[in-house]
Amino acid sequence: FELDITHAVSTVSWFLSKLGREHWNSMKWILRYFRGTSNVKLCFESGKLVLTSYIDADMAGDVHTKKSTSCYLINFVGGAVSWQSKMQKWVTLSIITAKFIATTEACKELLWLKNFLRELGCSQERYGLLCDSQSAIHFGTHPTFHSKSKHIDVRYHRLLDVLDEKLIELEEVHMDDNVIDMMTKSLSRWKFEVFCSFVRMASSST
């Protein structure tokens, strides 16, 4: 589904098996938003061909299963080209673990896009994954396998090899500037519009 309604649709979908009036009203708000933004489209800038990626994860966002949701967003020449919001397969024990898993999923997509663009003759000096958690960045760049990280599935440790080989780099972004918040939480209207503008969602009339 569309980037700008990812969080709203994900939240409402938790209650599909037992919809109440409150949930139905929320669905109608989403449909009204669709109607009011029917002329909005993704735009791209002319200029340098650069991939920019953002990652985030909520902590125990599902109120029933207590599972977290991984999200990533990848921009190319200013516009969003790839994004995902997906519930993790098991309950994580810390926000660091949740964001580590989200970073691994984003890493796989970024590496695929990186190789695809190289085949087309496009490359850039550095490929960064922007994360708003210093702890997750430290864990990824200086892994210490102690009791709190032993449970992380080995499939996600591929990220450590990628970082060690300098194929991508983990970088910090301030939590107020992490555009992927629009996919993980409710935002004020002002901030939501700022983030939509950042990923180049604009009316076709402008």
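An account of the accompanying structure is given in this report. All values derive from a computational prediction rather than experimental measurement.

A look at the overall build of the chain
- For the chain, the helix and strand inventory stands at 6 helices and 7 strands.
- Listing each helix as α and each strand as β along the chain from the N terminus yields α-α-β-β-β-β-α-β-α-α-β-α-β.
- For 206 residues, the compact-globule estimate of 2.2 N^0.38 gives 17 Å, and the chain sits close to it at 18 Å.
- The buried share of the chain, taken over its 206 residues, is 43%.
- By sequence separation, contacts in the chain at least 24 residues apart represent 68% of the contacts at least 6 residues apart.
- Surface summary for the chain: the accessible area is close to 12,100 Å², and the carbon and sulfur share equals 55%.

What about the pattern of salt bridges?
- Throughout the structure, instances matching the rule amount to 8 salt bridges.
- One salt bridge in this structure joins Lys 99 and Asp 132, with 2.5 Å as the shortest N-O distance. Of the two residues, Lys 99 is situated in helix α3 (residues 95-119) and Asp 132 in the loop between β5 (128-131) and α4 (134-141); the sequence distance between them amounts to 33 residues. Neither residue differs from the other here; Lys 99 and Asp 132 are each classed as buried.

Overview of unusual backbone geometry
- For Lys 66, which is not glycine, the phi dihedral falls at a positive 65°.
- Here Lys 66 lies in the loop between β2 (51-57) and β3 (69-76).
- Unlike most non-glycine residues, Arg 200 shows phi in positive territory, near 65°.
- Among the structural elements, Arg 200 can be located in the loop between α6 (189-198) and β7 (201-203).
- Looking at Arg 200, the relative accessible area reads 31%, which means it is partly exposed.

A short note on the nonpolar core
- With 42 residues, the main nonpolar core has Leu 3, Leu 51, Leu 129, Ile 168 and Met 182 as its most contacted residues.
- Residue assignment for this core shows that the elements contributing at least two residues are β2, β3, α3, β5, α4, α5 (158-164) and α6.
- No other element matches the 7 residues that α3 contributes to this core.
- When near neighbours in sequence (up to four residues on either side) are disregarded, Leu 51 contacts Ile 74, Asn 75, Phe 76, Leu 110, Leu 113, Lys 114, Leu 117, Gln 124 and Tyr 127.

Examining the packing of aromatic side chains
- Per the counting criterion, the structure on display carries 3 aromatic pairs.
- Judged by centre distance (5.9 Å) and plane angle (80°), the rings of Tyr 54 and Phe 198 are edge-to-face. Pair noted here: Tyr 54 is in strand β2 and Phe 198 is in helix α6, with a separation of 144 residues, a long-range link.
- The exposure class of Tyr 54 is buried, given its relative accessible area of 6%.
- With relative accessibility at 41%, the residue Phe 198 sits in the partly exposed group.

Some details on the sheet that holds β2
- The strand order across the open sheet formed by 5 strands is β4-β3-β2-β5-β6, and the pairing between neighbours is mixed. Across the chains shown, the open sheet's two edge strands, defined by having one partner strand only, are β4 (79-87) and β6 (169-172). The mean angle between the axes of side-by-side strands here comes to 25°, regardless of whether they run parallel or antiparallel.
- Inspection of the sheet shows β2 paired to β5 by 2 bridges, in the parallel sense. Opposite Tyr 54, over in β5, you have Leu 130 as the bridge partner.
- Seen against the sheet, α3 touches β2, β3, β4, β5 and β6 and runs at an angle of roughly 160° to β2.
- Docked against the sheet, α4 engages β5 and β6, running at close to 160° with respect to β6.

Procedures and definitions
Residues numbered from 1 in each chain as written. Predicted model: local features only at pLDDT ≥ 70, side-chain atom pairs only at ≥ 80, totals over all residues. Heavy atoms only, no water. Helix = DSSP H or I, 4+ residues; strand = E, 2+ residues; numbered from the N terminus. Rg over C-alpha atoms; globule rule 2.2 N^0.38 Å. Buried < 20%, exposed > 50% of the residue type's maximum accessible area, 1.4 Å probe, protein only. Contact = heavy atoms within 4.5 Å. Areas by Shrake-Rupley, 256 points an atom, 1.4 Å probe, with all protein chains shown as cover. Salt bridge = Lys/Arg side-chain N within 4 Å of Asp/Glu carboxyl O. Core = buried A, V, L, I, M, F, W, Y, C linked by side-chain atoms within 4.5 Å. Phe/Tyr/Trp six-rings, centres within 6.5 Å; stacked < 30°, edge-to-face > 60°. Pairing = 2+ DSSP bridges. Axes fitted to C-alpha atoms, helices over the stretch in contact; angles between N-to-C directions.

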